[in-house]
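Here are the chains, one letter per residue:
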Amino acid sequence: MRIVKAGSRHLDGIMEIENQSFSDPWSRAGFADYLDVPDGEIVALEDRGAVAGFAVYHVSFEESELYNIAVRESCRGQGLGRALLDAVLDRARARGAEKMYLEVRKSNAAARGLYKAAGFAVCGERRGYYERPTEDAVLMDITL
Ligand SMILES: CC(C)(COP(=O)(O)OP(=O)(O)OC[C@H]1O[C@@H](n2cnc3c(N)ncnc32)[C@H](O)[C@@H]1OP(=O)(O)O)[C@@H](O)C(=O)NCCC(=O)NCCS
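This one's a predicted model, so the numbers in the text were calculated from it and none came from an experiment.

1. Observations concerning unusual backbone geometry
Okay, step 1: The omega angle of the peptide bond from R132 to P133 is -5°, so this bond is cis rather than trans.
Okay, step 2: Mapping P133 onto the fold places it in the loop between β6 (121-130) and β7 (135-143).
Okay, step 3: Even without a glycine there, the phi angle at R48 is positive, about 45°.
Okay, step 4: By the secondary structure assignment, R48 is in the loop between β2 (40-47) and β3 (50-60).
Okay, step 5: Taking the C-beta count within 10 Å as the criterion, R48 has 6 such neighbours and is therefore assigned exposed.
Okay, step 6: Of note, the phi angle at F61 is positive, near 55°, even though the residue is not glycine.
Okay, step 7: Structurally, the position occupied by F61 is in the loop between β3 and β4 (63-71).
Okay, step 8: Accessibility expressed as a C-beta count within 10 Å gives 10 for F61, which makes it exposed.

2. Details of the site of the ligand
Okay, step 1: Every one of the 19 residues lining the ligand counts as a neighbour, but R76, G81, R82, G113 and L114 are closest to it.
Okay, step 2: Residue assignment for the shell around the ligand shows that the elements contributing at least two residues are β4, α3 (80-94) and α4 (109-118).
Okay, step 3: Residue classes in the shell around the ligand are distributed as ten nonpolar, seven polar and two charged.

3. Focus on the environment of S64
Okay, step 1: Residue position: S64 is located in strand β4.
Okay, step 2: Look at S64 and you get buried, because 27 C-beta atoms sit within 10 Å.
Okay, step 3: Each C-alpha atom, one on S64 and one on G96, is 9.2 Å from the other, the two residues being 32 residues apart in sequence.

4. Overview of the sheet that holds β3
Strand-to-strand pairing in sheets goes through backbone hydrogen bonds, with the strands running parallel or antiparallel.
Okay, step 1: In space, the seven strands of this open sheet follow the order β1-β2-β3-β4-β5-β7-β6, with mixed pairing throughout. Edge strands, defined here as strands with exactly one partner in the open sheet, are β1 (2-5) and β6. Adjacent strand axes in the sheet meet at a mean angle of 25° when their direction is disregarded.
Okay, step 2: Of the strand pairs in this sheet, β3 and β4 are connected by eight bridges, and their pairing is antiparallel. Across the sheet, residue A55 finds its bridge partner in β4, namely I69.
Okay, step 3: Packing against the sheet, helix α1 (residues 11-21) makes contact with β2, β3 and β4, and its axis sits at approximately 85° to β3.
Okay, step 4: Packed onto the sheet, α4 meets β5 (99-105) and β7 and runs at close to 160° relative to β5.

What counts, and at which threshold
Residues numbered from 1 in each chain as written. Predicted model: local features only at pLDDT ≥ 70, side-chain atom pairs only at ≥ 80, totals over all residues. Helix = DSSP H or I, 4+ residues; strand = E, 2+ residues; numbered from the N terminus. Buried ≥ 20, exposed ≤ 12 C-beta atoms within 10 Å, placed from the backbone. Near = placed C-beta within 6 Å. Nonpolar A, V, L, I, M, F, W, Y, C, P; charged D, E, K, R; others polar. Pairing = 2+ DSSP bridges. Axes fitted to C-alpha atoms, helices over the stretch in contact; angles between N-to-C directions. Contact = placed C-beta atoms within 7 Å.

Just geometry here; none of it tells us what the structure is for.
Structural data, given as structure tokens:
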């Protein structure tokens, strides 16, 4: 298992995981464009040659944001999400970030459990923030 900066070779695997994980998935073009941004990164978790998970984050001076994290359905519950999240926290810190923020659907117990276990705390709520289906967002943050 290794976690690396994603490249175009990872896009097929990332799209499979994205489409099985979210009711409002990002497009392939959106991921492809994000591969080259200077102030953010997509990281891919490779396991035996296949993409088992990925995460997307952005850094702006001392603040950073987790945009997306997902693990292949068949690989969940084995610590891979935590490994990806820890790698993202390390990489954002190395780029100078002092805080990381994220939004998560209120009903997403697995993601909220993961974030809480990694040290994130609830810092707000946005009513009706998500679409397809409409749902409140919980805002969380962590000091890096
Ligand atoms: C959220 C997600 C990335 C977690 O990945 P994972 O590899 O299954 O998580 P891990 O095995 O590393 O679990 C780490 C911790 O998260 C929490 N967790 C994981 N799955 C959970 C669940 N179903 N219910 C509650 N807590 C859960 C636990 O605290 C767990 O630690 P523990 O095993 O010591 O109890 C995965 O469920 C996923 O891809 N979901 C779909 C995409 C998604 O919703 N992404 C978040 C968008 S904001």
